[in-house]
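Overview (structure and organization)
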Amino acid sequence: MPSVDSKDQRFRRSRRDGDSQVSNVSPLRVSGSPFSMKTVGIGVLVVCLICSWQFILLTRHVDQPEPHGAIGQNAVNEAMWRYIGVHEANLSSMAYQQRDIAHVLGELGEDLKRQHKELRLVEEQMHVQGNGRGAVDFSAQQRLEDKRLAHLQSSINQIVQQTSASILTAQQSGELPPPRDLEKERPRPPPVPERPGERPPPQVNGISGNFPKEWLERFSHEELMASAKEAEKWREGAKKTVLHAWNGYKQKAWGEDELKPTSGQKGRTWAKCGLQILDALSTIYLMGLTDQFDEGTKWVEESLKFDYVGMVSFFEITIRALGGLASAHSLSGKEIFLTKAKELADKMMPAFDRETGFPATQVNLQTGQGAKGWYAGTVLSEAGTVQLEFRYISQQTGDPKYAEMADKSMRSIIRASGGKGLVPWGLSRQGAPRAINQHITFGAMGDSYYEYLLKMYLQTDSTEPEWKEAWERAMREMMQRLVLKTQGGLTYVAEEQSGQVRHKMDHLACFVGGMLVYGARQLPASQVDKAWEPAAAGITETCYQMYHRQPSHLAPECVTLVPNAAEGSDMTIWQNAAHYLLRPEAAEAIFYMFYYTGDPKYRRMAGEIYEAIEQHTRTTYGYSAVRDVRQANPQMRDEMETFFLAETMKYLYLTFLPNPREVLDLNEFVFTTEAHPLRVFRKGGQAVPSNLRGNR
């Protein structure tokens, strides 16, 4: 069917031609008009037949099923959604075509009126030219023509009214979508979930001088440029640090899970899956280390297998391996990473408890069998820190089962809380979810549950308020009960045991500083507690002091805060836990504070920590944890956790960038607990599976 515009143009051209020749027109030319009564009647009949035929086709549209057993459940789901999409598209298309028909019929009616007026004008002119001859004949013909036109116009109006009423009724009942402009594109079938296209690693060349508006509201352009220039040596140094560790691993332990950086031997075996490669991919990508990223990609393509015989940590494999693969896919768009991530997720899925959703502490990747670990129950952080990774697999594959199980685990935790914000770290493994101890902590065994509540909300573009509400409850209680300040001015996050406050803070709990400023800046201002950001700044300062006050400028694993002590004596090492494991949480908090404020002091904090790492932990083949940070030259432990490259060096490097937003925009990405960036799910961009749309 021609468009209304093209038909209308033809009508206008015909009318202009007729106007220019009106003085010479004859009755024969009028009777030959393209809009004779017969032509219009046939046109209306054809239109009705087309509508009827289309309706029959639509109601009888049936796709032939696949042969029995030919497809699996995933294919059935995909086919079902495809069929639904086809029907939706057909219904929508029919609605728009019916509106087009109604519009065209209306135009036909208007043109009939206009041509009737032209006919009268021609008759009058011919009557004048003929000195009155034939006036009586013309008058009789005119009355007959008036009756015909009136009858046809009535029929057309009736068709238009019936068509419009049918469309309106269908739209009001929800059977058809609301009307759109006819000039807009016609509906299309529902899109397949968008997957990121392949993108090369970003390259940072010099200082652009483009700084965020909120930075420039607090600091001059000259101050920010001076800070960026000061950080150039740290930025280049951080890349060299990662290259040194990568090359040492490649030389001595390529394909193994860990490297012992002093001896050059392979380290612990987690799942015999090249864990160091998977955990480092997102860092070397963001640093623009193209050759090294290609090396890692090639190993994944040719050598990565998940066939380790034995039990592996469900939590650690999720955040390091699954998260590493998902992030490499999210950043680079290379399909091999998603393929391998889905393969790993499929092997882990049987270890989720079908009743509570809690993952087993350990899983056998060959059989999917789960097993408990050192703790008889479920650890809060382990059950509440797998969601971002599994939800990403659902978002990219369109299969909701991964997200459904991970989300079930989080909801079981919230039920176990009994409506409270803070949750003890020990939970039941079987039966109704409930707390089985009374230890509340933002350090080991509790930490990342709270982190993921906020990030799950932001991961799905702020469409699932249940996670934000649980996080806000936790933050209110944390601020009231656990965020304290020493007389010397150190703000810290305490723990609570059986209702009693313990003035102990793990290095792990330093993430709270980053989490609070992240929430304060990413949530709408009307939903933000004004105390969050000052508390974030105070906690970050305390975590920096964990480093700065030690002779080695490296931080211990845990500290005790002394509430009534003066400055300089209000922090001690907790129970001789003086070792440093290359942990990232202080660097994480510093990064977030710098990202949002641009304050050069945070970059200098990061620079001091980086220099201490380079001075005291560098070995022949990498970087080592140390035994006692109280020593000016601490002894090394010959251990390099994979999170050193995944998290610690990533956060430090991003802080050293002139403007980290030019490399990683936190409006578009959310960090996992292992610092693996995953793209935010956008309804208008990346497709979001139905179970991720906040429609519960």
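All of the points below concern the structure found in this document. (Residues numbered from 1 in each chain as written. Predicted model: local features only at pLDDT ≥ 70, side-chain atom pairs only at ≥ 80, totals over all residues. Heavy atoms only, no water.)

Things to note about the sheet that holds strand β6 (residues 439–440)
Taken together, the three strands give an open sheet; going across it, the order is β6-β9-β10, and neighbouring strands pair in antiparallel fashion. Every interior strand has two partners, whereas the edge strands, β6 and β10 (500–502), have only one. Pairing analysis gives two bridges linking β6 to strand β9 (residues 495–497), with the strands arranged antiparallel. Across the sheet, His 439 pairs through a bridge with Gln 497, a residue of β9. (Pairing = 2+ DSSP bridges. Helix = DSSP H or I, 4+ residues; strand = E, 2+ residues; numbered from the N terminus.)

Section: the sheet that holds strand β13 (residues 571–573)
If you walk across this open sheet you meet the three strands as β11-β12-β13, and the pairing is antiparallel. The open sheet has two edge strands, β11 (504–506) and β13, and neither has a second partner. Within this sheet the neighbouring strands show an average axis-to-axis angle of 30°, counted without direction. Where strand β12 (residues 558–561) lies against β13, three bridges are found, and the strand directions are antiparallel. Bridge pairing links Val 559 to Ile 573 in β13. Seen against the sheet, helix α18 (residues 532–548) touches β11, β12 and β13 and runs at an angle of roughly 80° to β11. (Axes fitted to C-alpha atoms, helices over the stretch in contact; angles between N-to-C directions. Contact = heavy atoms within 4.5 Å.)

Concerning helix α9 (residues 290–303)
Spanning 14 residues, α9 covers 20 Å between terminal C-alpha atoms, matching the ideal 20 Å at 1.5 Å per step. Taken residue by residue, α9 has Gln 292, Phe 293, Gly 296, Thr 297, Trp 299 and Val 300 as its buried positions. Projection of α9 onto a plane perpendicular to its axis shows the buried side chains occupying an angular sector of 160°, all on one side. Away from its buried face, by an angle of more than 90 degrees, α9 presents the exposed residues Asp 291 and Glu 302. Looking at the buried positions of α9, the neighbouring elements they touch are α7 (221–253), α8 (275–286), α10 (314–332) and α11 (335–348). (Expected span 1.5 Å × (residues − 1). Buried < 20%, exposed > 50% of the residue type's maximum accessible area, 1.4 Å probe, protein only. Arc of directions from axis to C-beta.)

Let's talk about the state of the cysteines
For the structure on display, the rule yields one disulfide. For Cys 510, the disulfide goes to Cys 543, at an S-S distance of 2.1 Å. On the sign convention where negative is left-handed, the bridge of Cys 510 and Cys 543, at about -105° about the S-S bond, is left-handed. On the criterion of sequence distance, the pair formed by Cys 510 in the loop between β11 and α17 (511–522) and Cys 543 in helix α18 is long-range, its members being 33 residues apart. As far as the burial class goes, Cys 510 and Cys 543 line up, both buried. (Disulfide = S-S within 2.5 Å.)

A short note on the pattern of salt bridges
Enumeration according to the criterion identifies 31 salt bridges in this entry. For the salt bridge of Glu 668 with Arg 682, the shortest nitrogen-to-oxygen distance reads 3.4 Å. With Glu 668 in the loop between α21 (643–656) and β14 (669–671) and Arg 682 in the segment after β15 (677–679), the pair connects residues that are 14 residues apart, well separated along the chain. Each of Glu 258, Arg 268, Glu 316, Arg 320 and Glu 641 takes part in salt bridges that share partners, so that together they form one network. (Salt bridge = Lys/Arg side-chain N within 4 Å of Asp/Glu carboxyl O.)

Topic: the environment of Met 478
Along the chain, the position of Met 478 falls in helix α16 (residues 465–481). With residues up to four places along the chain from it excluded, the contact list for Met 478 reads Leu 422, Phe 442, Val 483, Val 493, Val 512 and Leu 516.

Quick word on the side chain of His 616
Considering the arrangement of structural elements, one finds His 616 in helix α20 (residues 600–616). A polar side-chain atom of His 616 sits 3.5 Å from the main-chain carbonyl oxygen of Ser 552. (Polar contact = N/O pair within 3.5 Å; in protein donor to acceptor, adjacent residues only side chain to side chain.)

As for the nonpolar core
Grouped together as the largest cluster of nonpolar side chains are 165 residues, with contacts concentrated most on Phe 390, Phe 442, Tyr 450, Met 478 and Met 505. Among the elements that take part in this core, α7 stands out by supplying 10 residues, more than any other. Those residues in contact with Phe 390, other than ones at most four positions away along the chain, are Phe 314, Thr 318, Leu 322, Ala 345, Met 348, Met 349, Phe 352, Tyr 402, Ala 403 and Ala 406. (Core = buried A, V, L, I, M, F, W, Y, C linked by side-chain atoms within 4.5 Å.)

What to know about the packing of aromatic side chains
Applying the stated rule across the entire model yields 26 aromatic pairs. An angle of 50° between the planes, with centres 5.0 Å apart, marks the rings of Tyr 375 and Trp 425 as tilted. Here Trp 425 lies in the loop between α14 (401–416) and β5 (426–427) and Tyr 375 lies in the loop between β3 (370–371) and β4 (378–379), a separation of 50 residues in the sequence. Residue classification places Trp 425 among the buried positions, given a relative accessible area of 10%. (Phe/Tyr/Trp six-rings, centres within 6.5 Å; stacked < 30°, edge-to-face > 60°.)

Regarding α7
Its 33 residues place the ends of α7 46 Å apart at the C-alpha level, agreeing with the 48 Å of an ideal helix rising 1.5 Å per residue. When the local axis directions of α7 are compared, the greatest deviation, roughly 40°, occurs at Ala 231. Two residues or fewer after α7 comes Gly 255, characterised by a positive phi angle close to 90°. (Bend = angle between axes of the 7 residues up to and from the residue.)

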